[in-house]
Amino acid sequence: ASGCFDKINLAGEDIRRWAWVPDLYIDNLVEKTVDGFASSAVIEPDGTVLRTEQVILKVKNYLGLGKLPYDRHTAMISVASYSQDTTRLRLTARGGVVGGGQTGIGITAPPISSATWSFPGEGKEGFSTPGYVDTLDFVTSKWDYVYLSFEFGRQPKFLMEQVVLPANLFILVSYIQFWV
């Protein structure tokens, strides 16, 4: 039928100008940069709105250094809405399905390289990790939490070459003065 369409795609539009946007909270957020990045909104025939927004996040994570120099860590972003329960707002990772469990794409990143740290997919096309949705049941209502994470580890060779070896050489040079 002419004049009909399957969905409305508003790439690059600021959806906040003409539609309600949920107030999402990131538990471990330190700093968020939004301006100048891509955003998109797709409105489906059933009224479902998919909104995506590219942002730069600086988040706080715990680094356990008990197994140094062989330590591995998980960087996690936890997203939730504290103003809208699951009867009004459902959260999913990109391309995921509504409900609990591992679903959709959590984090997509370009190749990352570092002399100190090893990241997933290092030296390749980058990496992508799944998202995880957990629906928490409180006394009066249920709330969706989306967890986005990836693991990274320290390159032991870096610590040995940059810390342990120079420290041992310094001690050796210090002890030589006793025999000279």
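For every chain, the first residue of its written sequence is number 1, and the numbers climb from 1 along that sequence. Given that the model is predicted, a residue must reach a pLDDT of at least 70 before its local features are reported, and side-chain atom pairs must reach 80 or more before they are shown or counted; all residues, however, enter totals for whole chains, interfaces and linings. Excluded from the side-chain calculation are hydrogens and water; included are all heavy atoms of the structure.

Enquirer: Residues and numbers for the overall build of the protein, please.
Expert: Numbering goes from the N terminus for both helices and strands, where a helix is a DSSP run of H or I of at least four residues and a strand is a run of E of at least two. Counting secondary structure elements, the protein contains one helix and 11 strands. The helix and strand sequence of the protein, counted from the amino end, reads β-β-β-β-β-β-β-β-β-β-β-α. Computed over C-alpha atoms, the radius of gyration of the protein comes to 23 Å, more than 25% over the 16 Å expected from 2.2 N^0.38 for 180 residues, which places it beyond the range of a compact globule. Across its three principal directions, the C-alpha atoms of the protein cover 95 × 45 × 25 Å. The buried share of the protein, reckoned over its 180 residues, is 27%. Any pair of residues with heavy atoms lying within 4.5 Å of one another is described as a contacting pair. Excluding contacts between residues fewer than 6 apart, the proportion of contacts in the protein whose partners are at least 24 apart in sequence is 63%. Surface exposure here means Shrake-Rupley accessible area, sampled with a 1.4 Å probe, where a residue is shielded only by the protein chains that are shown. Total accessible area on the protein is roughly 12700 Å²; 57% of this is exposed by carbon and sulfur atoms. Lys and Arg are tallied as positive, Asp and Glu as negative. Neither His nor the chain termini are counted. Positions of charges follow a simple convention, taking NZ of Lys, CZ of Arg, CG of Asp or CD of Glu. Across the protein, the 16 positively charged side chains and the 19 negatively charged ones have centroids separated by 4 Å. The reference for a compact globule is 2.2 Å times residues^0.38; the radius of gyration itself is calculated from the C-alpha atoms. For the exposure calls, accessible area comes from a 1.4 Å probe over protein chains only, and a residue counts as buried if that area is under 20% of its type's maximum, exposed if over 50%, partly exposed in between.

Enquirer: I'd like a description of the pattern of salt bridges, backed by residues and values.
Expert: The term salt bridge refers to a pairing of a side-chain nitrogen on Lys or Arg with a carboxyl oxygen on Asp or Glu at a separation within 4 Å. Inspection of every chain in the model, using the stated rule, returns four salt bridges. Salt-bridge contacts for D71 lead to R154; the nearest nitrogen and oxygen are separated by 2.9 Å. One end of the pair, D71, is in the loop between β6 (56-59) and β7 (72-80); the other, R154, is in strand β11 (residues 142-154), with 83 residues separating them in the sequence. Across the pair, exposure class does not vary: D71 and R154 are buried alike. Note that E161 and K157 form a salt bridge whose closest N and O atoms lie 3.8 Å from each other. Here E161 and its partner K157 are both found in helix α1 (residues 156-179), four residues apart, which amounts to about one turn of the helix. Taking the relative accessible area as the measure of exposure, E161 reaches 41% and is therefore partly exposed.

Enquirer: Which residues make up α1, and what values go with them?
Expert: Expected helix span is given by 1.5 Å per residue-to-residue step, counting one fewer step than there are residues. The first and last C-alpha atoms of α1 sit 33 Å apart over 24 residues, in line with the 34 Å expected at 1.5 Å per residue. To obtain the bend at a residue, axes are fitted to the seven residues ending there and to the seven starting there, and the angle between these axes is taken. A bend of about 30° at V164 is the largest found in α1, and the proline P166 appears one to four places after it.

Enquirer: If you had to explain the sheet that holds strand β5 (residues 49-53) to someone new, which residues and values would you point to?
Expert: Taken in spatial order, the three strands of this open sheet run β1-β4-β5, and their pairing is antiparallel. Strands with a single pairing partner mark the edges of an open sheet, and in this sheet they are β1 (8-9) and β5. When DSSP locates at least two bridges between a pair of strands, those strands are taken to pair. Across five bridges, strand β4 (residues 39-43) lies against β5 in antiparallel orientation. When the bridges of β5 are listed, S39 appears paired with E53.

Such coordinate-based values are descriptive only and should not be taken to indicate function.
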